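Structural characterization, general
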Amino acid sequence: MSHDTWQPSLRTPDPAVRILDPRFEHYRLPHATVERLWTGARWAEGPVWIGDTRALLWTDLPNDRILRWDEVTGQVAAYRTPSDKANGMTRDRQGRLIVCEHGARRVTRTEYDGSITVLADRYQGKRLNSPNDVIVASDDAVWFTDPPFGLVSDYMGQVAQPELSANLYRLDTRSGVLECVADQIPGPNGLAFSPDERKLYVVASRARPRSILQFDVVDGRRLTGGKVLIDAADGTPDGFRVDIDGNLWCGWGTGSAELDGVRVFAPDGSAIGHIVLPERCANLCFGGRLRNRLFMASTSSLYALYVNTRGAV
C-alpha cells in the first residue's frame, strides 16, 4: 500500500505489529496501533526525544533541515534550516543536542543558548568523511560512525574524496581526545550500547550480507571480540535503539512490503517481532514521558507506536 493512502488500523491488536517469537508478545500492547504523525520528508533520519519541551527532533537529510514535532499540538515546524545536512542525532547527559553533519563533515553540540560547538571535524589532521550516527555513554564520551556515504552525492552530503577510512570513533569530551576504536567495519552505520554499556552494537551496512556486529566494551574505552550478532539476510538495517531488556529495535527495509518497517531482535540476536510500515525505516528512538513510545523516521514520514517497554537511557 502506498504511504499516500496509508490509514491507521481500525483493528486491535494492530496486524502491522507482528509476533515472530513468543518473547515478543509481552512487548506488543494489544490496544496500541501504529500512527503516522507527519509526512513530507525526502529522507527522514536521526530522531531524538526532547523531553523537557515534549518534542521530537528529526532530520530530513536531502532537504537540509532538522524538523520538530510538538507532542502537545501535533504541529511540525523547521527547527534548524539549513542544517549542514544533519543526519544522526542524540542528546548528551546534560541534555544538549549532538548532531552528525554530512555537509560540514563534523559532529557538533548545540549549547543551551543555541550556539554550536564543533566536537570533531578532523582525525590526525584529516577531514572526517560524513559522520552518520552518534551515541553518548554514561562517562560523557561521544561515540560516532564515519562512513563515506555523504561524499558520494550532493543529495545526501557533498561530493568529495575521503581522506580517512570508514572508522568508528570515541571522543573523550573531558580531554578532547578523539580515538579510532574500530577501523575494519564495512560501512559502519547505526550504533547502540547494551543497557549496561558492556556491549556495543554496530551496523555493518556494506557487509554482504549486511549485519549487526557485537563488540565487548573494555574499560569504557576499547572494543574487543567483534562478531556477527545478526545476519540481516535480505534486510537493510540502518539506525536502531535498545530497550531496558536489551532488545534491539532496528530500522529495516529494502523497498519490500514484507521487510519495510522495524525488526526487533532479542539480545541473543534472534528476530522476535516486526512492525510493518509502508516505507523503509531509517532510524528510530524511544520517547514520551515514560520512554515507551517508539518514534520511527521512515523515508518520507514519521510514525509512532506505544510499546510495553522503555528505551534504555
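Residues numbered from 1 in each chain as written. Predicted model: local features only at pLDDT ≥ 70, side-chain atom pairs only at ≥ 80, totals over all residues. Heavy atoms only, no water.

Read from one edge of the open sheet, four strands run 16-17-18-19, paired in antiparallel fashion. The sheet terminates laterally at strand 16 (188-193) and strand 19 (222-231), the two strands that pair on one side only. Averaged over neighbouring strand pairs, the angle between their axes works out to 25 degrees when direction is ignored. Relative to strand 19, strand 18 (residues 211-218) runs antiparallel, the two being bridged by seven bridges. Paired with D216 across the two strands is T224, which belongs to strand 19. (Pairing = 2+ DSSP bridges. Helix = DSSP H or I, 4+ residues; strand = E, 2+ residues; numbered from the N terminus. Axes fitted to C-alpha atoms, helices over the stretch in contact; angles between N-to-C directions.)

Inspection of the entire model under this criterion finds 20 salt bridges. Shared partners join several salt bridges into a network, and the residues in it are D139, R170, D172, E179 and R221. (Salt bridge = Lys/Arg side-chain N within 4 Å of Asp/Glu carboxyl O.)

Next up on the list: the side chain of E45. Mapped onto the elements, E45 comes out in strand 2 (residues 35-50). It turns out E45 is buried and unbridged, and the closest side chain with the opposite charge, R280, is 7.2 Å from it. Among the polar contacts made by the side chain of E45, one reaches the side chain of N283 at a distance of 3.2 Å. Among residues more than four places away in sequence, those in contact with E45 are W58, T59, N87, D238, A282, N283 and A297. (Buried < 20%, exposed > 50% of the residue type's maximum accessible area, 1.4 Å probe, protein only. Lys, Arg positive; Asp, Glu negative; His and termini not counted. Polar contact = N/O pair within 3.5 Å; in protein donor to acceptor, adjacent residues only side chain to side chain. Contact = heavy atoms within 4.5 Å.)

Take the pairing of strand 5 (residues 76-80) next. When strand 4 (residues 65-70) meets strand 5, the two strands line up antiparallel, connected through four bridges. Looking at the pairing, W69 lines up with V76 of strand 5. Here strand 4 hands over to strand 5 after five residues, with G74 in that stretch at a positive phi of 75 degrees.

Applying the stated criterion across every chain, the model contains eleven aromatic pairs. A centroid spacing of 5.5 Å and a plane angle of 10 degrees characterise the contact between W49 and F295, whose relative ring orientation is stacked. Taken as a pair, W49 in strand 2 and F295 in strand 25 (residues 293-306) lie far apart in primary sequence, 246 residues in all. The residues W49 and F295 share a single accessibility class, namely buried. A connected cluster of aromatic rings, assembled from ring pairs, spans F24, Y27, W249 and F286. (Phe/Tyr/Trp six-rings, centres within 6.5 Å; stacked < 30°, edge-to-face > 60°.)

Turning our attention to the environment of R263. Locating R263 in the fold gives a position in strand 22 (residues 261-265). Using a relative accessible area of 16% as the deciding quantity, one classes R263 as buried. Along the chain, R263 and L61 lie 202 residues apart, while their C-alpha atoms are 23 Å from each other. Contact partners of R263, with chain neighbours within four places excluded, come to L20, L248, W249, C250, W252, E258, A271, G273 and H274.

Before going further, it helps to spend a moment on the pairing of strand 16. Across the six residues that make up strand 16, a large majority, six, are buried. Bridging between strand 16 and strand 17 (residues 199-204) involves four bridges; their strand directions are antiparallel. Its bridge partner being in strand 17, L191 is matched across the sheet by V202. Hairpin connection, strand 16 to strand 17: the antiparallel pair is bridged by five residues, and E197 has positive phi, about 60 degrees.

Looking at where F193 falls in the secondary structure, it is placed in strand 16. For the pair F193 and V136, spaced 57 residues apart in sequence, the C-alpha to C-alpha distance is 9.2 Å. Not counting residues within four places of it along the chain, the set of residues in contact with F193 comprises I135, A137, W143, K199, L200, Y201, V217 and V242.

Within a sheet, adjacent strands bond to each other through the backbone by hydrogen bonds, running parallel or antiparallel. As summarised here, the arrangement of the five strands in space is 1-23-22-21-20, forming an open sheet in which the pairing is antiparallel. Taken across any chain shown, the strands that pair with only one partner, and hence form the sheet edges, are strand 1 (17-19) and strand 20 (240-242). Adjacent strand axes in the sheet meet at a mean angle of 20 degrees, parallel and antiparallel pairs treated alike. Bridge count between strand 21 (residues 248-252) and strand 22: five bridges; the pairing is antiparallel. Of the residues in strand 22, the one forming a bridge with C250 is R263.

Of all hydrophobic cores here, the largest spans 23 residues; its most connected members are V34, W249, V262, I275, L294, M296 and L305. Looking at this core, the elements with two or more residues in it are strand 22, strand 23 (271-276), strand 24 (283-287) and strand 25. Residue contributions to this core peak at four residues, all from strand 25. Ignoring any residue separated from it by four or fewer positions in sequence, one finds L294 in contact with W249, V262, I275, L284, C285, F286, Y303, A304 and L305. Residues I135, A141, A207 and L223 belong to the second largest nonpolar core, which totals 18 residues. (Core = buried A, V, L, I, M, F, W, Y, C linked by side-chain atoms within 4.5 Å.)

Glancing now at unusual backbone geometry. Here the amide bond leading from T12 into P13 is cis, since omega sits at -5 degrees, within 30 degrees of zero. By the secondary structure assignment, P13 is in the segment before strand 1. P82 follows T81 through a cis peptide bond whose omega is 0 degrees. For T299, which is not glycine, the phi dihedral falls at a positive 55 degrees. Within the element layout of this structure, T299 appears in strand 25.

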